[in-house]
Amino acid sequence: MKFTSSIVLLSAPFLALIGSASAFLPPTPAFARSASSLSVAVDTSDIKNGLTVEIDGEPYKVLNFSIMKQARGAAKTTIKFKNLMRGTTIENTYRSGEKFETALIEKIGAQFTYSEGNTFFFMNSETFEEIPVSDKVVDDKVKWITEGSEISLVLFKDKIIEVVVPSTAVYEVVETEPNMKGNTAQGYTKPATLSSGAVISVPGFVEQGAKIKVDTDKGEYIERVNE
Ligand SMILES: *[C@@H]1O[C@H](CO)[C@@H](O)[C@H](O)[C@H]1NC(C)=O
């Protein structure tokens, strides 16, 4: 079976460049590719949330950043990173124009199948191979994953470093209190437990058993869906 994972950079301006370079890479089996020569230099002005850069050989994802204008001299950019291999976060301040190398990461489409002990098992959506992933890597995404969930596995130097869930997904409400009769107050919300395990706030009219669309980044209700 052919393996055709795509190389993904989380920064749009470089997609075209990487896209054309990857066209020359022969298809290789999962985890067998190393293509760190394709990382791209960026500087503080290119920083945005979600961008993954390589620092001292490890991948760091930008969680958030702020730019401080100095009374004298150039602005400084403070960046909060998550080390995707260790799960730790750091905050560093950089001079305007300081350079970074984007981390060359790959994404594989996969489906969650089951978990056992501390291991989550996913199935590569293209090769149907089973891929074990430690719960440390799944991390807090666990609350958005149900059996059959389509997710992406992020690889760095042939190691799975992150599980990415779609930014919106549909879940069933498995537990929530009944709608209070007569409670018509605008903005009345109540907690609801979703089929994936997450607990979020939903409008009062959402009943147990309803299917709802959720923003998984913010952990917020979007709308009720009919299925
Ligand atoms: C990132 O966000 C947190 C919480 O909103 C804030 O306290 C922190 O100062 C921010 N860090 C940067 C570098 O902007």
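Counting starts from 1 at the beginning of each chain's written sequence and moves along it residue by residue. It should be noted that, the model being predicted, local features are given only for residues of pLDDT at least 70 and side-chain atom pairs only at 80 or more, the latter also being counted only at that level, while totals for whole chains, interfaces and linings use all residues.

## Here we look at the overall build of the protein chain
Runs of H or I in DSSP of at least four residues are treated as helices and runs of E of at least two as strands, each being numbered from the N terminus. Secondary structure summary: the protein chain contains 2 helices and 17 strands in total. Any residue surrounded by 20 or more other C-beta atoms within 10 Å of its C-beta is treated as buried, while 12 or fewer makes it exposed and the intermediate range makes it partly exposed; C-beta atoms here are placed from the backbone. Going through the 227 residues of the protein chain one by one, you find that 25% of them count as buried. By the convention adopted here, residues make contact when the C-beta atoms placed from their backbones lie within 7 Å. Restricting the contact set of the protein chain to residue pairs at least 6 apart, pairs at least 24 apart contribute 48%.

## What to know about the pairing of strand 10 (residues 130-134)
In this structure, strand 9 (residues 119-124) lies alongside strand 10, joined through 5 bridges in antiparallel fashion. The residue bridging Met123 from the neighbouring strand is Glu130, located in strand 10. For two strands to pair, DSSP has to find at least two bridges joining them. The turn joining strand 9 and strand 10, which pair antiparallel and follow one another in sequence, is formed by 5 residues; a positive phi near 65° is taken by Phe128.

## Looking at the sheet that holds strand 17 (residues 220-225)
An order of 15-14-13-16-17 is seen for the 5 strands of this open sheet, with the pairing classed as antiparallel. Looking at which strands have only one partner, the edges of the open sheet turn out to be strand 15 (199-203) and strand 17. Within the sheet, the average angular offset between the axes of one strand and its neighbour, ignoring direction, is 55°. In the sheet, strand 13 (residues 168-176) pairs with strand 14 (residues 189-194) via 3 bridges, with the strands oriented antiparallel. Paired with Glu175 across the strands is Thr193, a residue of strand 14. The angle between two axes is taken between their N-to-C directions and runs from 0 to 180 degrees, where each axis is a line fitted to C-alpha atoms and a helix contributes only its stretch in contact.

## With respect to the site of the ligand
We count a residue as near a molecule or strand when its backbone-placed C-beta atom lies within 6 Å of that partner. Around the ligand, the neighbouring residues are Asn64, Phe65, Ser66, Thr78, Ile79, Lys80 and Glu91. If you list the elements that add at least two residues to the shell around the ligand, you get strand 4 (58-68) and strand 5 (76-83).

## Focus: the confidence of the model for the protein chain
pLDDT is defined as a per-residue confidence score from the predictor, taking values between 0 and 100. The predicted model of the protein chain has a mean per-residue pLDDT of 83, with 80% of residues at 70 or higher. Here residues 1-37 is modelled with pLDDT under 50, and outside its nearest four sequence neighbours on either side it reaches 48 contacts, counting other chains as well.

## A word on the sheet that holds strand 3 (residues 52-55)
As summarised here, the arrangement of the 6 strands in space is 2-7-3-4-5-6, forming an open sheet in which the pairing is antiparallel. Sheet topology places strand 2 (41-43) and strand 6 (89-95) at the edges, where each strand pairs with a single neighbour. Across the sheet, the axes of successive neighbouring strands diverge by a mean angle of 50°, strand direction being ignored. Bridging between strand 3 and strand 7 (residues 99-102) involves 2 bridges; their strand directions are antiparallel. Along strand 7, the bridge assignment pairs Val53 with Thr102.

## Notes on the nonpolar core
It is characteristic of soluble globular proteins that their nonpolar side chains tend to be buried jointly. Membership of the largest hydrophobic core comes to 40 residues, with the highest contact counts inside it found for Val133, Ile151, Leu153, Leu155 and Phe156. Each residue touching Ile151, except ones within four places of it in the same chain, is listed here: Ala110, Phe112, Ile145, Val163, Val164 and Val165. Here, a nonpolar core denotes buried Ala, Val, Leu, Ile, Met, Phe, Trp, Tyr and Cys residues that are linked to one another through C-beta atoms within 7 Å.

## A word on the environment of Ile145
Position of Ile145 among the secondary structure elements: in the loop between helix 2 (135-138) and strand 11 (150-156). Residue Ile145 is classed as buried on the basis of its 22 C-beta neighbours within 10 Å. Those residues in contact with Ile145 that sit more than four places away from it in its chain are Phe112, Ile151, Val165 and Ser196.

## Section: the environment of Ala110
Positionally, Ala110 belongs in strand 8 (residues 105-116). When the 24 C-beta atoms within 10 Å are taken as the criterion, Ala110 is described as buried. For the pair Ala110 and Glu150, spaced 40 residues apart in sequence, the C-alpha separation works out to 5.8 Å. Excluding its chain neighbours within four sequence positions, the residues that come into contact with Ala110 are Phe122, Met123, Asn124, Ser125, Ile131, Ile151 and Leu153.

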